[in-house]
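Chain residues, written in single-letter form:
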Amino acid sequence: MKRILFSFSILLIAFSLSAQTNKLDINTSKLGIEIPSTMYGIFFEDINFAADGGLYAELVKNRSFEFPNHLAGWKAFGSFELKDDGPFEKNPYYLRLSYPGRNDKYSGVENEGFFGMGFQKDAEYRFSVWARNPQNDGDVELQVELVNPSSMDERQQIAEGKITVSGKDWKKYELILKSQIALAKGSLRLILGTNTKTLDVEHVSLFPVDVYHKDKNGLRKDLAEALEQLKPGVFRFPGGCIVEGNSLDTRYQWKNSVGPVENRPLNETRWNFTFSNRMYPDYYQSYGLGFFEYFRLAEQIGAEPLPIISVGISCEFANGSERSEKHAAVDQLKPYIDDVLDLIAFANGDPATDKWAKIRSEMGHPAPFNLKYVGIGNEQWGKIYPENLKPFVEEVRKKYPDIQIIGSSGPFPDGKDFDEMWEAMRKINADLVDEHFYRNEEWFLKSGNRYDKYPRKGPKIFAGEYACHGDGKKWNHFYASLLEAAFMTNLERNADIVRMATYAPLFAHVEGWQWRPDAIWFDNLNSFKTCSYYVQQLYSLNKGTNLLSLTMNGKPVAGNVDQNGLFASAVFDKESNSVIVKVINTGNKPQPLRLNLKGLKGKHQTELTTFHAENLDGENSLENPSLYVPKTTTIEMSAPEFDVTIPAFTFQIFKIKK
Ligand code: AHR
């Protein structure tokens with residue numbers, strides 16, 4: 001009897017052990033659908049000072065004196081006068097400095113930058129200014145200084161030089177300055193150096209010499225490199241709500257963002273007054289980072305450019321979704337439709353025959369940018385959207401049948417508006433539909449099968465804005481990123497219909513944000529990558545070329561009731577000849593896994609990448625930028641079956657060399 005009981009309990013233990021093991025069946029010998037190269041991309045919007053004061057490396061705020069408060073960002077002293085008959089038609093204002101009345105006084109102006117100007121130690125800065133001597137009475141000197149306004153040293157200057165302006169015609173002058181120290185909150189000071197003379201200054205600019213790719217009108221290197229390191233397949237720009245504008249007048253108008261920077265007019269941003277609890281009244285778009293620069297960046301980082309253009313509907317959150325004078329009527333859409341057609345010409349046209357392509361060529365890019373996609377409308381909903389969209393689709397299809405059109409499904413991932421928009425997009429025959437989901441942890445946990453259930457016919461999906469917003473803690477904590485990783489198995493498994501996905505937003509200045517979480521945070525000198533950034537990067541670097549079937553008990557692994565909080569997907573990568581298995585344990589217990597790699601035998605060198613944090617609320621910061629980073633080790637895996645335990649709250653990737 002004792003022996004029978006003993007054997008029975010051994011059996012029970014064996015049974016419960018095997019019941020706990022999660023067996024993932026992965027068929028490595030049958031390649032599934034191709035994973036699109038566009039699958040994991042980036043979404044850029046000028047929100048949180050992402051452009052001016054962020055990625056765009058210009059350090060001077062209000063460089064053309066065009067803000068409604070023309071001296072915003074500037075402190076002028078001595079004798080100065082604002083004038084409006086300058087050399088640049090779309091930016092007419094400039095500043096006149098003249099004799100301050102006494103030889104021991106000074107006339108000048110000082111710019112505070114964006115939350116101060118960041119100077120790196122021993123780095124060079126290119127100062128430039130358009131200037132003239134209106135009286136034409138000889139040379140005029142301008143003293144140019146990089147300043148530490150809060151210095152306790154004898155001298156505030158950390159770099160200085162002079163330019164000599166001659167003649168009454170406007171000319172551009174340049175000077176390189178080298179900062180002696182690292183300084184997060186410096187400023188630029190200009191002093192009229194020749195008493196009794198007068199000097200006009202316009203478009204005052206200061207760029208680090210060392211910008212991304214050493215481009216003219218370039219981008220901040222650390223921030224652009226962070227994008228490059230994501231290896232994004234698609235690059236969506238310029239937003240977001242700024243596409244729509246607070247009003248139609250302030251929508252993003254790409255035509256104003258190309259050509260010489262001096263003549264790109266200022267635009268309001270959607271994000272200056274949007275949230276009264278985080279208000280930035282002097283937040284404007286200089287358009288210095290414009291469509292040429294976006295296309296150039298897309299090319300440099302190897303991503304497909306994906307511009308989103310206004311559909312003649314201003315932000316519906318601010319202006320309602322009913323037909324009204326706040327939106328363009330269908331018979332007023334011609335200029336908006338032309339904006340789309342001309343944009344395609346700007347990107348792809350022949351400079352010899354097309355006006356817009358000629359501008360592209362003159363800006364330094366005679367070759368086409370190979371634009372393939374265009375989004376028309378950002379987050380639109382209501383009857384007015386399909387009504388407005390229809391003529392755009394007809395005109396684009398007529399002239400550019402190969403361009404893929406992306407339509408919107410509104411701001412939310414479900415509900416009446418969402419369903420109506422999807423139906424409308426099917427009718428209108430959009431190529432892709434842009435879905436947005438800023439949702440809480442519970443939603444992400446429950447949505448692991450979202451796309452398994454979608455119809456396979458009709459428009460494909462562009463998950464154009466998404467992020468897990470933790471309930472009551474909307475910051476970039478590790479747990480949110482873990483749930484994003486879990487959800488992304490669903491994107492991957494459904495790559496036949498989900499063709500692209502972009503986490504949003506990308507950037508935030510620590511002193512200038514309106515919206516969080518975000519992928520990358522920065523101040524004037526440094527930046528750090530969030531846990532969500534690393535999740536995006538892990539997917540992008542391990543996107544593979546073909547889907548592989550991965551199931552547990554015959555079902556997709558998507559955090560369902562009997563799946564112990566696990567999410568998983570698998571791909572094959574032809575380039576590295578590897579099977580890549582992604583597993584996320586969203587539960588609070590370690591989970592034994594058996595990887596059953598059908599089609600593989602013997603021992604295989606495997607890169608095992610683990611992303612884990614003990615503290616689920618933990619996040620990276622400027623002070624501690626690398627607190628949470630994925631770690632990779634090499635293990636040997638035996639196939640077809642390999643047992644391993646995935647720790648609680650962990651994202652692991654097995655890259656198994658075939
Ligand atoms: O990403 C921030 C905002 O969220 C975008 O501008 C808008 O499209 C969405 O509502």
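In what follows, the accompanying structure is described.

1. Observations concerning the side chain of Asn-378
Okay, step 1: Relative to the assigned elements, Asn-378 resides in the loop between strand 18 (373–376) and helix 7 (384–399).
Okay, step 2: A relative accessible area of 1% places Asn-378 in the buried class.
Okay, step 3: For Asn-378, the side chain forms a polar contact with the main-chain oxygen of Gly-240, separated by 3.2 Å.
Okay, step 4: Among the polar contacts listed, one links the side chain of Asn-378 to the side chain of Glu-244, at a separation of 2.7 Å.
Okay, step 5: When residues no more than four places from it in sequence are discounted, the contact partners of Asn-378 are Arg-236, Gly-239, Gly-240, Cys-241, Val-243, Glu-244, Ile-308, Ser-408, Asp-434, His-436 and Glu-465.

2. Observations concerning helix 5 (residues 334–348)
Okay, step 1: Taking 1.5 Å as the rise per residue, helix 5 with 15 residues should run 21 Å; its terminal C-alpha atoms sit 21 Å apart, in good agreement.
Okay, step 2: Considered for burial, the residues of helix 5 that qualify are Tyr-336, Ile-337, Asp-339, Val-340, Leu-341, Leu-343, Ile-344, Ala-345, Phe-346 and Ala-347.
Okay, step 3: Residues of helix 5 that are buried sit in contact with helix 3 (291–301), strand 17 (304–309), helix 6 (355–362), strand 18 and helix 7.

3. Some points on the sheet that holds strand 4 (residues 79–83)
Okay, step 1: Spatially, five strands are ordered 4-5-13-8-11 in an open sheet, and the strand pairing comes out antiparallel. Both edges of this open sheet fall to strand 4 and strand 11 (171–178), since each of them pairs with a single strand only. Recorded for the sheet is a direction-independent mean angle of 35 degrees between the axes of neighbouring strands.
Okay, step 2: The pairing of strand 5 (residues 94–98) with strand 13 (residues 199–208) spans three bridges and is antiparallel. Within strand 13, the position partnered with Leu-95 by the bridge is Val-201.

4. Brief notes about the layout of surface pockets
Okay, step 1: Estimates place the volume of the largest pocket at around 610 Å³.
Okay, step 2: Lining the largest pocket are 28 residues, with Lys-172, Lys-216, Asn-217, Gly-218 and Val-261 sitting closest to its centre.
Okay, step 3: Mapped by element, the contributors of at least two residues to the lining of the largest pocket are strand 8 (124–132), strand 11, strand 13, helix 3 and helix 6.
Okay, step 4: For the lining of the largest pocket, the residue count by class is 10 nonpolar, six polar and 12 charged.

5. Regarding the packing of helix 5 against helix 7
Okay, step 1: Packing of helix 5 against helix 7 leaves a shortest axis separation of 10 Å and a crossing angle of 30 degrees. The angle between helix 5 and helix 7 falls in the class roughly parallel. Handedness of the crossing formed by helix 5 with helix 7: right-handed. Along its contact with helix 5, which presents Tyr-336, Ile-337, Val-340, Leu-341 and Ile-344, the element helix 7 presents Pro-391, Phe-392, Glu-395, Val-396 and Lys-399.
Okay, step 2: Classifying every residue of the contact of helix 5 with helix 7 by side-chain character gives eight nonpolar, no polar and two charged.

6. What to know about the pattern of salt bridges
Okay, step 1: Here the structure, examined in full by the defined rule, presents 39 salt bridges.
Okay, step 2: Among the ionic pairs, Glu-160 bridges to Arg-155, the shortest N-O distance being 2.5 Å.
Okay, step 3: The exposure class of Glu-160 is partly exposed, given its relative accessible area of 39%.
Okay, step 4: Residue Arg-155 is classed as partly exposed on the basis of its relative accessible area, which comes to 45%.
Okay, step 5: Notably, a salt bridge pairs Lys-185 with Glu-511, separated by 2.9 Å at the nearest N-O pair.

7. Notes on the site of the ligand
Okay, step 1: In the vicinity of the ligand lie 13 residues, with Glu-45, Cys-241, Glu-379, Tyr-438 and Glu-465 positioned nearest.
Okay, step 2: Here an oxygen atom of the ligand and a side-chain polar atom of Glu-45 are 2.5 Å apart.
Okay, step 3: Here the ligand, which alone exposes 280 Å², has 96% of that area covered by the protein.
Okay, step 4: Of the residues in the shell around the ligand, the class split is seven nonpolar, three polar and three charged.

8. Quick look at the packing of aromatic side chains
Okay, step 1: Applying the stated rule across the entire model yields 52 aromatic pairs.
Okay, step 2: Here Phe-295 and Phe-369 contribute two aromatic rings whose centre-to-centre distance is 5.1 Å and whose plane-to-plane angle is 15 degrees, an arrangement assigned as stacked. Placement of the pair is Phe-295 in helix 3 and Phe-369 in the loop between helix 6 and strand 18, with a sequence separation of 74 residues. For the pair formed by Phe-295 and Phe-369, the shared burial category is buried.
Okay, step 3: Note that Arg-270 overlies the ring of Trp-271, its terminal NZ or CZ placed 5.6 Å from the centroid.
Okay, step 4: The residue whose ring lies beneath Arg-278 is Trp-513, and the NZ or CZ to ring-centre distance is 3.7 Å.

What counts and what doesn't
Residues numbered from 1 in each chain as written. Predicted model: local features only at pLDDT ≥ 70, side-chain atom pairs only at ≥ 80, totals over all residues. Heavy atoms only, no water. Helix = DSSP H or I, 4+ residues; strand = E, 2+ residues; numbered from the N terminus. Buried < 20%, exposed > 50% of the residue type's maximum accessible area, 1.4 Å probe, protein only. Polar contact = N/O pair within 3.5 Å; in protein donor to acceptor, adjacent residues only side chain to side chain. Contact = heavy atoms within 4.5 Å. Expected span 1.5 Å × (residues − 1). Pairing = 2+ DSSP bridges. Axes fitted to C-alpha atoms, helices over the stretch in contact; angles between N-to-C directions. 1 Å grid on protein atoms, 1.4 Å probe; cavity = no way out; pocket = protein on both sides within 12 Å on 5 of 7 lines; lining within 4 Å. Points joined across faces, edges and corners; volume = space filled by probe spheres on them. Nonpolar A, V, L, I, M, F, W, Y, C, P; charged D, E, K, R; others polar. Parallel < 35°, antiparallel > 145°, perpendicular 65-115°, else oblique. Left-handed = near helix turned anticlockwise from the far one by under 90°. Salt bridge = Lys/Arg side-chain N within 4 Å of Asp/Glu carboxyl O. Near = heavy atom within 4 Å. Areas by Shrake-Rupley, 256 points an atom, 1.4 Å probe, with all protein chains shown as cover. Phe/Tyr/Trp six-rings, centres within 6.5 Å; stacked < 30°, edge-to-face > 60°. Lys NZ or Arg CZ within 6 Å of the ring centre and 35° of its normal.

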